[in-house]
Amino acid sequence: MKILVVDDDPIQREMLAGFLVNQGYRVIAVANGEEALDVFQKQAVHLSLLDHHMPGATGGEVLAKMKAINPLAHVILITAYGDVQTAVTVLKLGADEFLEKPVDLALLLNKIREIEREITVEEDVAVVKEAVEDGPLPLRIIAGSPAMKEVISLVRRTADSPWPVLILGETGTGKELIARLLHLLSPRKDQPFIEVNCAAIPENLFESELFGHEKGAFTGAVSRRRGRMELADRGTLFLDEIGEMPLNLQPKLLRSLQENKISRVGSESEIHLDLRLVSASNRDIKHMIDEGQFREDLYYRIKVLEIEIPPLRERREDIPVLVAFFLERYAHKALRVSHEALDTLIKYPFPGNVREIEHAIQRTITLARGSVVHPSDLPGEIRRHEATTEGKLIERLNAMEREMILSALEQKDWVQTQAAEVLGISERVLRYKMKKHGIIGEDS
Ligand SMILES: Nc1ncnc2c1ncn2[C@@H]1O[C@H](COP(=O)(O)OP(=O)(O)OP(=O)(O)O)[C@@H](O)[C@H]1O
Ligand SMILES: [Mg+2]
């Protein structure tokens, strides 16, 4: 990373430059704004450290010019101690951070590392975007939020490796989309991508579906058939909903993954395979292991690399972009979403995530009367949600309170004085709340 240090004070300038060089950065140090802009124009600078008070152009002015040249420029402003007004102004101008003199070097280093990480993620996203848009099978993925950018960056970094990837995320968050993207960005992109939806295959057919069978291996096996694993040879095998994989088949799958070979049902001979495994699940597999529904050894085998897709409600800034994206995809005529309708959409928690937004937009398009979508055109559950948010909050707070009281009571063997102490309330309040929640004490 190349850092430009700009300060008219030679002692401060050399101190900062020396420190950063010691940390392994490439540094260019100059004494004023004019020189700084000259370097910035001619070289790829990743980050500029600008002193605010300099003769000639101030740091804030240099910042504004840098942002005009490159809106993605990263800048840290250094201001005099207590100069709140300047701090506010420079942050508005788009500085990444402002630091007060004397500069806290540990803080500076932390901030630089953060910016470095941001730059890497942005670069990964740009590379992925280019690969996807130029590819033979264009995938359209909306990833504007920092959380989704992190996901895309992770996909880029894991796509090349041969290791198994486990994609986790709630229903409709885009697990399948990410699996396809992994394949598309991998060296195997011209080989097959074979999908197995573990939830959709009847248990008695699972083995033959996965491993294939020989003619006569079982009743109904009228001819030899290659299984999905064999079809995925040299490409990617996508085991969707892997949590639904029958327990009795898991050891066989594990063995074939460890040894890179399979044998068809009804056959002794082994077939060597070279496949990249990607699996996905919306279930808590660790919990399934505790319950004895999933094998721990298989779990560790499939999750060498893990990609977790955050639910939509944790990246609401993606909602307006997704709305526009699906409108463009499905609307036959120009439709605009009113400010109020968009507001209602952004506030809705979307338990079904991106798929739910997709369906909501499809329904809205079908039902909208004019060229503008109003809140009344939105699906009922989204419209009604706004009105009921308050009630839901109270319900959830109540449920939480009840949980906490029960757990404190159990922890203290139902001795109310001690439970009240754990909860930080009086015994009388505890008794009142127990009555309210219908909890019957063992000694009452
Ligand atoms: N970031 C995104 N940008 C654009 N479309 C998306 C995005 N995420 C998901 N989608 C779309 O949303 C729908 C659901 O995505 P997908 O089937 O990949 O989800 P999933 O996590 O596999 O869901 P499930 O757990 O129910 O199988 C698809 O039509 C997909 O194209
Ligand atoms: Mg899926």
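Source: prediction; values computed, not measured.

Secondary structure summary: the chain contains 18 helices and 16 strands in total. Taken over the C-alpha atoms alone, the chain extends approximately 90 × 70 × 55 Å along its principal axes. Taken over 444 residues, the chain has a buried fraction of 45%. At a minimum sequence separation of 6, the contacts of the chain that also span at least 24 residues come to 70%. Working note: accessible area of the chain is about 24,000 Å², and carbon and sulfur atoms make up 51% of it.

With respect to the element layout, leucine 63 can be found in helix H3 (residues 59–69). With a relative accessible area of 0%, leucine 63 lands in the buried category. A sequence separation of 175 residues divides leucine 63 from phenylalanine 238, and the C-alpha atoms of the two residues are 48 Å apart. In this structure, leucine 63 is in contact with Leu50, Val75, Leu77, Val90, Leu93 and Ala95, ignoring residues within four places of it in sequence.

Core analysis: the largest hydrophobic core is formed by 30 residues, its most contacted members being Leu210, Met229, Leu237, Leu239 and Phe294. Sorting the residues of this core by element identifies strand E6 (165–168), strand E7 (193–197), helix H8 (206–211), strand E10 (236–240), helix H10 (250–259), helix H11 (285–290) and helix H12 (296–302) as the ones contributing at least two each. Setting aside chain neighbours within four positions, we find leucine 210 in contact with Val196, Gly227, Arg228, Met229, Leu239, Met245 and Leu253. Core analysis: the second largest hydrophobic core is formed by 26 residues, Val165, Ala179, Leu181 and Ala280 among them.

A few words now on the sheet that holds strand E5 (residues 97–100). Pairing within the open sheet is parallel, and its 5 strands lie in the order E2-E1-E3-E4-E5. Since the sheet does not close on itself, it has two edges, and those belong to strand E2 (26–30) and E5, each with one partner. Going across the sheet, the axis of each strand differs from the next one's by a mean of 20°, ignoring polarity. Two elements, strand E1 (residues 2–6) and strand E3 (residues 47–51), share 4 bridges in a ladder whose sense is parallel. Residue valine 5 lies in a different strand from E3, and its bridge partner there is leucine 49. The sheet contacts of H3 involve E1, E3 and strand E4 (74–79), and relative to E3 the element is tilted by about 155°.

Once that is clear, we can look at unusual backbone geometry. The step from lysine 101 to proline 102 runs through a cis peptide bond, and the omega angle for that step is -5°. Of note, proline 102 is situated in the loop between E5 and helix H5 (105–134). In this structure, arginine 234 takes a positive phi of about 75° despite not being glycine. With respect to the helices and strands, the residue arginine 234 is situated in the loop between helix H9 (228–231) and E10. For arginine 234, a relative accessible area of 49% gives the class partly exposed. The phi torsion at phenylalanine 350 lies on the positive side, around 45°, for a residue other than glycine.

Let us now look at the domain arrangement of the chain. The domains assigned to the chain are domain 1 (2–117), domain 2 (146–308), domain 3 (313–378) and domain 4 (392–436). When each unit is reduced to the centre of its C-alpha atoms, the spacing between domain 1 and domain 2 is 49 Å.

Looking now at helix H7 (residues 175–185). Counting buried positions over the 11 residues of H7 gives 8, a clear majority of the element. For H7, the complete set of buried residues consists of Lys175, Ile178, Ala179, Leu181, Leu182, His183, Leu184 and Leu185.

As a further point, take the site of ligand 1. The immediate surroundings of ligand 1 are formed by 19 residues, with Ile142, Thr171, Lys175, Arg355 and Glu358 found nearest. Measuring from an oxygen atom of ligand 1, one finds a backbone N or O atom of glutamate 176 at 3.1 Å. Notes on ligand 1: free accessible area 630 Å², of which the protein chains cover 87%. The set of elements that each furnish at least two residues to the shell around ligand 1 consists of H7, helix H13 (318–330) and helix H15 (353–367). Per-class residue counts for the shell around ligand 1 are 7 nonpolar, 5 polar and 7 charged. Here the shell around ligand 1 spans two domains, since at least three of its residues come from each of domain 2 (146–308) and domain 3 (313–378).

Taken in spatial order, the 5 strands of this open sheet run E7-E10-E13-E6-E14, and their pairing is parallel. The open sheet terminates on both sides in strands that have one partner only, identified here as E7 and strand E14 (305–308). Strand after strand, the sheet turns through a mean of 20° between neighbouring axes, direction not considered. Judged from the 4 bridges that link them, E6 and E14 form a sheet pairing that is parallel. Residue pairing across strands places isoleucine 167 opposite isoleucine 307, the latter belonging to E14.

To continue, consider the packing of helix H17 (residues 416–423) against helix H18 (residues 427–436). For the pair H17 and H18, interaxial distance at closest approach is 9 Å and the crossing angle is 95°. Our classification of the angle between H17 and H18 gives roughly perpendicular. Side by side, H17 and H18 meet where Gln416, Thr417, Ala419, Ala420 and Leu423 of the first sit next to Glu427, Leu430, Arg431 and Met434 of the second. Of the residues assigned to the contact of H17 with H18, the class counts are 5 nonpolar, 2 polar and 2 charged.

Moving on, we get to the confidence of the model for the chain. When the pLDDT values of the chain are averaged, the result is 91; 97% of them are 70 or greater. For the chain, per-element mean pLDDT is lowest for helix H16 (residues 380–411), which scores 78, and highest for E6, which scores 98.

Definitions and limits used
- Residues numbered from 1 in each chain as written.
- Chains lettered and ligands numbered in written order.
- Predicted model: local features only at pLDDT ≥ 70, side-chain atom pairs only at ≥ 80, totals over all residues.
- Heavy atoms only, no water.
- Helix = DSSP H or I, 4+ residues; strand = E, 2+ residues; numbered from the N terminus.
- Buried < 20%, exposed > 50% of the residue type's maximum accessible area, 1.4 Å probe, protein only.
- Contact = heavy atoms within 4.5 Å.
- Areas by Shrake-Rupley, 256 points an atom, 1.4 Å probe, with all protein chains shown as cover.
- Core = buried A, V, L, I, M, F, W, Y, C linked by side-chain atoms within 4.5 Å.
- Pairing = 2+ DSSP bridges.
- Axes fitted to C-alpha atoms, helices over the stretch in contact; angles between N-to-C directions.
- Domains from an automatic or database assignment.
- Near = heavy atom within 4 Å.
- Polar contact = N/O pair within 3.5 Å; in protein donor to acceptor, adjacent residues only side chain to side chain.
- Nonpolar A, V, L, I, M, F, W, Y, C, P; charged D, E, K, R; others polar.
- Parallel < 35°, antiparallel > 145°, perpendicular 65-115°, else oblique.
- pLDDT = per-residue confidence, 0-100.

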